[in-house]
Amino acid sequence: MSGTSGSDQMWANKMWGGRFAAGPSAIMREINASIPFDKALWGQDIAASKAHVAMLAAQGIVSSEDAAAIAGGLDRIAAEYAANGVPENWDLEDIHMTTESRLAELIGPAAGRLHTARSRNDQVATDFRLWVRDAIDEADAGLRALQVALVTRAGEHAGSIMPGFTHLQTAQPVTLGHHLMAYYEMIRRDRSRLADARVRMNECPLGAAALAGTGFPIDRTATAAALGFDRPTANSLDSVSDRDFALDFLMTAAQISLHLSRLAEEFIIWASQPFGFVVLPDSLSTGSSIMPQKKNPDAAELVRGHSGRIVGSLTSLMITMKGLPLAYSKDMQDDKPPVFEAASLLALSVAAMTGMVAEARFRTDRMRAAAELGYATATDLADWLVRQADIPFRQAHHITGTAVRLAESRGIALDQVPLDDLRAIDARIDDRVYAALSVEASVAARASHGGTAPTQVALRVAEARSALGLEN
């Protein structure tokens, strides 16, 4: 926390006007200050201020000379912030007053005209929307990179056989490419959620002032367009009290984090010695301080852990907003820390999983061997009985269960059970059945739309590459 100069204290007192005879107590000063975190909005605050003063000049509300001085001062402040960071003077409370105070030092009394026809209420609502919009765009770019990694590896492994699981028990053979493309689909939905959130939030609250609008002849459509919004918000009360855009972002971030956590958990399981399906990149692993043989999947575990913090950020803001009457309340100062934290954690998590997918070495020999265990082709035997012997599926299911029990009792695979033993279970079984019991035949047979057959996986990969603008 920096010291307070006489001019800073004077500017802080001017901010409050003549309503208070004494300055705030130390406790009030500390609890009220948001500059330690809302300084992250400095770029958005300066952009919105420049759009606002340009509109004021165009409407004849401030002179062109004052507007030019203000715009020039704001550019100089932006350069200072970019080079040296934003100073933290708690008497100035927030990024808005910090910038306006510095502007007064640079250009004198004309700085006071910048705040004409606006309030810190609509100012922060605008800045925060701009920041969240940028965060949405950055998250979308990160997710696209993850999709590219998933699609690339899926194309490499469209025919690589692995066990598919339900209840973490071997169920049916699938391909690694099919498994990876499942996460592509999750991320595709996540990106659509980000796009939806961006459309809903892209309205500009600037000009709503404190809560009731302003008597100055402002042009809110002009400031909205200058800042890249689709339109100005329609209700001044809602404009300054709405944080749906932040909740939309956090809800989507939470959903993304759940998907990333599931993918991270699978890499953690696959990298464990009992599975041995994957060798994680050294760059995203750590060792043990005491056990030299260890290679720990710490990056994946942290992604899994970060999902809890991101969901917690969502819960935090939801609880903050749940009982607030219109319009602005000081509780809403606490809206930014959870959003900033979630965005930072999300970016790290997406980058970590993108690197893990792109750089991991998949041990397809281990995967295929595991697919042959656990009687993963049992469903193929039942399907063969339905197709070739015209047996109702429920009866075929019972026959297959008997065959599995026999194979299990002998410690052999289904395709190793002698034909005579299979015919003893049901006489309608013949030697054609063995062609259906290999893991290759099993995955090839699942050629329905969206199935795990290599031909289907290749189609889905081609579609995804086209959607991502990649060459096939």
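The notes below deal with the structure included here. All of these numbers come straight from a predicted model, not from anything done at the bench.

### Topic: the overall build of the chain
So, step 1. The helix and strand inventory of the chain stands at 19 helices and 6 strands.
So, step 2. Here the chain has a C-alpha radius of gyration of 31 Å; the compact-globule value for 472 residues is 23 Å, and the former is much larger.
So, step 3. Oriented by its inertia axes, the alpha-carbon framework of the chain measures out at about 100 × 55 × 45 Å.
So, step 4. Residues classed as buried in the chain amount to 47% of the 472 residues present.
So, step 5. Of the accessible surface of the chain, which amounts to about 21600 Å², a share of 55% is contributed by carbon and sulfur atoms.
So, step 6. The averaged location of the 56 negative side-chain charges in the chain is 2 Å from the averaged location of its 45 positive side-chain charges.

### Quick look at the packing of aromatic side chains
So, step 1. Scanning all chains against the criterion turns up 9 aromatic pairs.
So, step 2. With 5.5 Å between their ring centres and 75° between their planes, Phe128 and Phe245 make a pair best called edge-to-face. One end of the pair, Phe128, is in helix H7 (residues 120-156); the other, Phe245, is in helix H11 (residues 244-271), with 117 residues separating them in the sequence.
So, step 3. Judged by relative accessible area, which is 0%, Phe128 ranks as buried.
So, step 4. Between Phe267 and Trp270 the ring centres are 5.8 Å apart and the planes differ by 45°, which places this aromatic pair in the tilted class. Remark: Trp270 and Phe267 occur in helix H11; sequence separation between them is 3 residues, near one turn of the helix.
So, step 5. Residue class for Trp270 comes out buried when judged on its relative accessible area of 3%.

### Focus on a nonpolar patch on the surface
So, step 1. A surface patch of nonpolar side chains, about 270 Å² in accessible area, is lined by Leu211, Leu237 and Leu326.
So, step 2. You can see Leu237 is positioned in helix H10 (residues 236-241).
So, step 3. Looking at Leu237, the relative accessible area reads 32%, which means it is partly exposed.

### Examining the environment of Gln123
So, step 1. Tracing the backbone through its elements, the reader meets Gln123 in helix H7.
So, step 2. The sequence separation of Gln123 and Val240 amounts to 117 residues, and the corresponding C-alpha distance is 8.6 Å.
So, step 3. In this view, Gln123 contacts Asp45, Ser49, His96, His115 and Arg118; residues no more than four positions away in its chain are not counted.
So, step 4. In this structure the side chain of Gln123 is engaged in a polar contact, spanning 3.0 Å, whose partner is the side chain of Asp45.
So, step 5. Only 3.5 Å separates the side chain of Gln123 from the side chain of His96, close enough to count as a polar contact.

### Some points on the pairing of strand E2 (residues 169-175)
So, step 1. Sheet analysis places strand E1 (residues 161-166) next to E2, joined by 6 bridges and oriented antiparallel. Within E2, the position partnered with Ile161 by the bridge is Thr175.
So, step 2. Counting the residues in the hairpin turn of E1 and E2 gives 2 residues, including His167, whose phi is positive at 60°.

### Structural notes on the pattern of salt bridges
So, step 1. All chains considered together, the criterion is met by 28 salt bridges.
So, step 2. Here Arg120 ties to Asp94 by a salt bridge, and the two come within 2.6 Å at their closest N and O atoms. Residue Arg120 is found in helix H7, and its partner Asp94 is found in the loop between helix H5 (64-84) and helix H6 (95-107); the two are separated by 26 residues along the sequence. By the burial criterion, Arg120 is buried, and Asp94 matches it.
So, step 3. Put simply, Arg198 and Asp137 hold a salt bridge, and the shortest N to O gap is 2.7 Å.

### Side note on the packing of H7 against helix H13 (residues 336-359)
The axes of two packed helices give the description: the angle between them and the distance between them.
So, step 1. At a minimum axis separation of 9 Å, H7 and H13 run at an interaxial angle of 15°. Looking at the two axes, H7 sits roughly parallel to H13. H7 and H13 meet at a crossing whose hand is left-handed. Residues Val124, Phe128, Trp131, Val132, Ala139, Gly142, Leu143, Ala145, Leu146, Ala149, Leu150 and Arg153 of H7 form the contact with H13, whose participating residues are Lys336, Val339, Phe340, Ala343, Leu346, Val350, Met353, Thr354, Val357, Ala358 and Glu359.
So, step 2. Of the residues that constitute the contact of H7 with H13, the class distribution is 18 nonpolar, 2 polar and 3 charged.

### Describing the packing of H11 against helix H12 (residues 298-321)
So, step 1. In contact at an axis separation of 8 Å, H11 and H12 are set at 160° when each is read in the N-to-C sense. Considered as vectors, H11 and H12 are oriented roughly antiparallel to each other. The two elements H11 and H12 meet at a crossing, and its hand is left-handed.
So, step 2. Among the residues forming the contact of H11 with H12, the class breakdown is 17 nonpolar, 4 polar and 3 charged.

### Points about unusual backbone geometry
Trans is the common state for peptide bonds, and a negative phi is the common state for residues other than glycine.
So, step 1. Cis geometry is found at the peptide bond from Leu326 to Ala327, where omega equals 10°.
So, step 2. Residue Ala117 is not a glycine yet carries a positive backbone phi of 65°.
So, step 3. Counting through the fold element by element, Ala117 comes out in the loop between H6 and H7.
So, step 4. Positive phi outside glycine occurs at Leu168, with the angle close to 60°.
So, step 5. Exposure remark for Leu168: the relative accessible area of 54% places this residue in the exposed category.

### Considering the nonpolar core
So, step 1. Judged by nonpolar contacts, the single largest core of 95 residues is most densely connected at Val132, Phe249, Phe267, Trp270, Val339 and Phe362.
So, step 2. Ranked by residue count, the leading element in this core is H11, at 15 residues.
So, step 3. Excluding its chain neighbours within four sequence positions, the residues that come into contact with Phe362 are Arg153, His157, Leu176, Leu180, Phe267, Trp270, Phe277, Val278 and Met367.
So, step 4. Grouped together as the second largest cluster of nonpolar side chains are 21 residues, Tyr375, Ala378, Ile391 and Val433 included.

### Quick notes on the environment of Leu385
So, step 1. Counting through the fold element by element, Leu385 comes out in helix H15 (residues 378-389).
So, step 2. Distance from Leu385 to His397, taken between C-alpha atoms, is 8.9 Å for residues 12 residues apart in sequence.
So, step 3. The contact partners of Leu385, leaving out residues within four places of it in the chain, are Asp390, Ile391, Ala396, Ile399, Thr400 and Ile429.

So, how was this worked out
Note that residues are indexed from 1 along each chain, following the sequence as it is written. It should be noted that, the model being predicted, local features are given only for residues of pLDDT at least 70 and side-chain atom pairs only at 80 or more, the latter also being counted only at that level, while totals for whole chains, interfaces and linings use all residues. The basis for the side-chain values is all heavy atoms of the structure; hydrogens and waters are excluded. Segments assigned H or I by DSSP are reported as helices when at least four residues long, segments assigned E as strands when at least two residues long, and all are numbered from the N terminus. Throughout, radius of gyration means the C-alpha value; the globule benchmark is 2.2 Å times the number of residues raised to the power 0.38. Burial classes follow relative accessibility: with a 1.4 Å probe on protein chains only, a residue under 20% of its type's maximum area counts as buried, one over 50% as exposed, and anything between as partly exposed. Each accessible area value is a Shrake-Rupley result obtained with a 1.4 Å probe; residue values ignore everything except the protein chains displayed when judging cover. When charges are counted, neither His nor the chain ends are considered; positive counts come from Lys and Arg and negative counts from Asp and Glu. Working definition for charges: the position is that of NZ of Lys, CZ of Arg, CG of Asp or CD of Glu. Geometry of aromatic contacts follows a simple scheme: Phe, Tyr and Trp rings, the Trp one being its six-membered ring, pair when their centres are within 6.5 Å, and the pair is stacked under 30 degrees between planes, edge-to-face over 60, tilted otherwise. Patch membership requires more than 30% relative accessible area and the absence of a salt bridge. Residues of like charge join within 9 Å; the nonpolar side chains Val, Leu, Ile, Met, Phe, Trp and Tyr join within 5 Å. Whenever Lys or Arg places a side-chain nitrogen within 4 Å of a carboxyl oxygen from Asp or Glu, that contact is recorded as a salt bridge. Any pair of residues with heavy atoms lying within 4.5 Å of one another is described as a contacting pair. For the purposes of these results, a polar contact is taken to be a pair of N or O atoms within 3.5 Å, where, inside protein, one atom must be able to donate a hydrogen and its partner to accept one; residues adjacent in sequence count only when each atom of the pair is a side-chain atom. Criterion used throughout: strands pair if DSSP finds at least two bridges between them. Lines fitted to the C-alpha atoms define the axes, with helices restricted to the stretch that makes contact. Angles between their N-to-C directions range from 0 to 180 degrees. Just so you know how the angles are binned, under 35 degrees is roughly parallel, over 145 roughly antiparallel, 65 to 115 roughly perpendicular, and the rest oblique. In this scheme the handedness of a crossing depends on how the near helix is turned from the far one: anticlockwise by less than a right angle means left-handed, clockwise means right-handed. Classes in brief: Ala, Val, Leu, Ile, Met, Phe, Trp, Tyr, Cys and Pro nonpolar; Asp, Glu, Lys and Arg charged; the others, Gly included, polar. Think of a nonpolar core as a cluster: buried Ala, Val, Leu, Ile, Met, Phe, Trp, Tyr and Cys residues, connected wherever their side-chain atoms sit within 4.5 Å.

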